[in-house]
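Descriptive structure summary
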Amino acid sequence: MNVDPQPELPPASATAAVVRALTSETARRHRDPAATPPPIVTPTLTVPDVESGTILKLRPDERSHCASLPIGSYVDMSVSRIHRNVTRLDEAGLWVWVVGHEQPRCSHTTTPAHGSWLHLMVRVDALTKAARR
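Keep in mind the model is a prediction, meaning the values are calculated, not measured.

About the thresholds
- Residues numbered from 1 in each chain as written.
- Predicted model: local features only at pLDDT ≥ 70, side-chain atom pairs only at ≥ 80, totals over all residues.
- Heavy atoms only, no water.
- Pairing = 2+ DSSP bridges.
- Helix = DSSP H or I, 4+ residues; strand = E, 2+ residues; numbered from the N terminus.
- Axes fitted to C-alpha atoms, helices over the stretch in contact; angles between N-to-C directions.
- Contact = heavy atoms within 4.5 Å.
- Core = buried A, V, L, I, M, F, W, Y, C linked by side-chain atoms within 4.5 Å.
- Buried < 20%, exposed > 50% of the residue type's maximum accessible area, 1.4 Å probe, protein only.
- Salt bridge = Lys/Arg side-chain N within 4 Å of Asp/Glu carboxyl O.

**Re the sheet that holds strand 1 (residues 55-58)**
What the four strands build is an open sheet, ordered 1-2-3-4; its pairing is antiparallel. Looking at the sheet topology across the chains shown, the edges are occupied by strand 1 and strand 4 (118-123). Within this sheet the neighbouring strands show an average axis-to-axis angle of 45°, counted without direction. The strands that helix 2 (residues 124-132) touches are strand 1, strand 2 (75-90), strand 3 (93-103) and strand 4; relative to strand 4, the one it contacts most, it runs at about 95°.

**Re the nonpolar core**
Counting residues in hydrophobic clusters, the biggest one holds 19 residues, and the most contacted among them are L56, L58, I82, V98, L120 and L127. Secondary-structure elements contributing two or more residues to this core are strand 1, strand 2, strand 3, strand 4 and helix 2.

**Brief notes about the pattern of salt bridges**
One pass over the structure, following the stated rule, counts eight salt bridges. Ionic pairing is found between K57 and D76, a salt bridge with its closest N-O pair at 3.4 Å. You can see K57 sitting in strand 1 and its partner D76 sitting in strand 2, a full 19 residues away along the chain. Judged by relative accessible area, which is 48%, K57 ranks as partly exposed. With a relative accessible area of 27%, D76 lands in the partly exposed category. Where K129 meets E62, a salt bridge forms, and the shortest distance between an N and an O atom there is 2.9 Å. Taken together, the residues K129 in helix 2 and E62 in the loop between strand 1 and strand 2 connect sequence positions 67 residues apart. Of the residues examined, K129 reaches a relative accessible area of 37% and is grouped as partly exposed. When salt bridges with common partners are traced through the structure, they connect R59, D61, E62, R123, D125 and K129 into a single cluster.

Spelled out as structure tokens, the structure:
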């Protein structure tokens, strides 16, 4: 019977030294608030409700790249789902992950059932525009 060797643990004095150092660092940060970095706060998101099946007509600057689509191309996409928990904020705006089907190339209503194959980051303002139509 093979028995795995037990890992060699550091001496208790070494562990105690690490705990003392971490405790003193925590206390220092409480005494000097400037030494503590501010918390990262995620802004409140307002992603419009876009029903499943809604057609998004996306310009190249309103969507992220996708390996199956030519760079710089326009795409019509029917929405299957919006993942509100996957977002990105950059100089172009706020983006959210959307999955669906390319139209008219993938007519999911007339073909056998299959999963959404188009996954894109879409600018929220493009979704807002679609929700108003």
